[in-house]
Amino acid sequence: MNVKIMPSKLIGKVAAPSSKSFSHRMIIAAALADGISEISNINPSEDIDATVEAMTALGAKIACDGNVYTVKGISKPAEKAVINCRESGSTLRFIIPVAAALGCETEFNGYGKLPTRPITPYKREMSAKGVTFDHTEGVMPFSVSGRLIGGEYRLEGDISSQFITGLLYALPLCGCDSSVILTSKLESKPYADMTIAALKQFGIEIEETVGKEGFPVYNIKGNQKYKPADRSVEGDYSQAAFYFAAEALGSELLVTNLNEDSVQGDKKILEIIQNMRYNNRVCGNYEPFTVDAADIPDLVPILTVLGCFTSGTSRIVNAKRLKIKESDRLKAIADAMNAIGGKVTAGDDYLEIEPVEHFRGGSVNGCNDHRIVMASAIASTMSEGIITISDCEAVSKSYPDFWKDFKTLGGNFEFFE
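Just so it is clear, the model here is predicted, and its values are computed rather than measured.

**So, the pattern of salt bridges**
When their charged atoms lie close together, side chains carrying opposite charge are able to pair.
Part 1: Taken as a whole and judged by the stated rule, the model has 17 salt bridges.
Part 2: For E125, the salt bridge is made with R124, and the minimal N-O distance between the two is 2.9 Å.
Part 3: According to the relative accessible area criterion, E125 is buried, its value standing at 13%.
Part 4: Since its relative accessible area comes to 37%, R124 is described here as partly exposed.
Part 5: Of the charged contacts in the structure, one is a salt bridge between R329 and D298, with a shortest N-O distance of 3.6 Å. Highlighted residues: R329 in helix 10 (residues 329-339) and D298 in the loop between strand 16 (290-292) and helix 9 (300-307), separated in sequence by 31 residues. One exposure class covers both R329 and D298, and it is buried.
Part 6: Taken together, the salt bridges that share partners define one network made up of D298, R329, D369 and R371.

Below you can see the structure in the form of structure tokens.
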């Protein structure tokens, strides 16, 4: 499906959808608790559906009524399970150690670029802790069997914090104490902080210290019990960022449903925009920026749009992990902006963005990537010509109501085959 967007500014109030990252975490924690939990303010999406189905396959019972999920925790884990992670890297990497801690022989399926996303740290560390992998790199399905035991786990911090999260969920279930020791700087650390915050709400305690090499160490007591809880998921700063960017570029928007005290790393979008402001709100008078994307990879597509309207060259650095997202996002967002009149250069781990006065319009390849599609839609607010975007249905991965909200705010578009 394609979408044709006629340029216009956006005006109005919009509620940020619930945090997909917290939704994953709350559902998993509730499913591991002995009892019934009610998790409210969850916006269903393909990724969240994948996690719900995964925990159901492992033995939980989960019912959805609108944006409220009632979760009856796993009382008796399944002996065998088949889990379709769809394209959700979070689902895959969070659930692998959880399934192993439950002793459930599990087959993992997925599609898109998910089979190519590495699980090497798990294979290396968990294979020494009672788990067997029947896995070939880049191939799905694969299976995991055996029961995870506690102990010392040493992980690189520059691949993905998702590996840390998976172990933080699984190791409290093991019979002995454990530690997760980072051997390099942890990128996307705010996501690990989110995990610890979510675990605490379900009775699990994690102690974070600093190791001899100066990197984080997570100490986890064994034999902990997840406790049921009723919780509400806060709004998502990574999705709100699209609207904050539109507002910075001349739209008139108020974004609600956000926690000002959130530990979400993507809240940094507000600081970045504030630092860009130079003279009122006139486009082209924003200061150029250099942003380290190591902790905020999901902001890169919309930051690229913003960078096109500063008074000089902007750079986004330490972004190599974006090459293994739903698309090669460095190339995808550079191609998207250049197709409509931008001047973006993609390197192996960076983007360099030259300013333009406006976009001219054109055709964008959405690359079946929700964030490329949404960033390109926001770019239309700064275009003099029509922008068409392919794969516009990709927004269903994280924000199914995006086009509905975009229209409510004054977006002028039509879908076509």
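**Quick notes on the sheet that holds strand 20 (residues 362-364)**
Part 1: Taken in spatial order, the four strands of this open sheet run 20-21-1-22, and their pairing is mixed. One side of each edge strand has no neighbouring strand; the edge strands of this open sheet are strand 20 and strand 22 (412-416). Ignoring strand direction, the axes of neighbouring strands in this sheet form an average angle of 20°.
Part 2: Sheet analysis places strand 20 next to strand 21 (residues 387-390), joined by three bridges and oriented parallel. When the sheet's bridge partners are listed, S363 is paired in strand 21 with T388.

**Brief notes about the sheet that holds strand 18 (residues 343-346)**
Part 1: Pairing is mixed in the open sheet, where four strands are placed in the order 16-17-19-18. Each of the sheet's edge strands pairs with one partner strand only, and the pair in question is strand 16 and strand 18. Direction aside, neighbouring strands of the sheet carry axes that sit 10° apart on average.
Part 2: Here three bridges tie strand 16 to strand 17 (residues 314-317), and the two strands are oriented parallel to one another. Considered in strand 17, the bridge of D292 is made with V317.
Part 3: Its contacts with the sheet put helix 9 on strand 16, strand 17, strand 18 and strand 19 (351-354), and the angle it makes with strand 19 is roughly 25°.

**Some remarks on helix 5 (residues 162-170)**
For an α-helix, the turn length of 3.6 residues means that residues three or four places apart are oriented alike.
Part 1: Of all nine residues in helix 5, nine are buried; the element is thus mostly enclosed.
Part 2: Among the residues of helix 5, those classed as buried are Q162, F163, I164, T165, G166, L167, L168, Y169 and A170.

**Notes on the environment of S184**
Part 1: Take S184: it is sitting in the loop between strand 11 (178-182) and helix 6 (189-200).
Part 2: S184 has contacts with L155, E156, G157, D158 and F215, leaving out every residue within four places of it along the chain.
Part 3: A distance of 2.9 Å separates the side chain of S184 from the backbone nitrogen of G157, its partner in a polar contact.

**Re the nonpolar core**
Part 1: By size, the foremost hydrophobic cluster in this structure holds 73 residues, and its most contacted members are M55, L58, I96, F108, L148 and Y218.
Part 2: Among the elements that line this core, the one with the most residues is helix 3 (residues 89-101), at eight residues.
Part 3: Other than its neighbours up to four places away in sequence, L148 contacts P97, A100, A101, M126, K129, V131, Y153, A170, L171 and C174.
Part 4: Formed by 69 residues, the second largest nonpolar core is a distinct cluster that contains A16, L249, I340 and I387.

Conventions and cut-offs
Residues numbered from 1 in each chain as written. Predicted model: local features only at pLDDT ≥ 70, side-chain atom pairs only at ≥ 80, totals over all residues. Heavy atoms only, no water. Salt bridge = Lys/Arg side-chain N within 4 Å of Asp/Glu carboxyl O. Buried < 20%, exposed > 50% of the residue type's maximum accessible area, 1.4 Å probe, protein only. Helix = DSSP H or I, 4+ residues; strand = E, 2+ residues; numbered from the N terminus. Pairing = 2+ DSSP bridges. Axes fitted to C-alpha atoms, helices over the stretch in contact; angles between N-to-C directions. Contact = heavy atoms within 4.5 Å. Polar contact = N/O pair within 3.5 Å; in protein donor to acceptor, adjacent residues only side chain to side chain. Core = buried A, V, L, I, M, F, W, Y, C linked by side-chain atoms within 4.5 Å.

Scope: geometric values only; no functional claims are made or implied.
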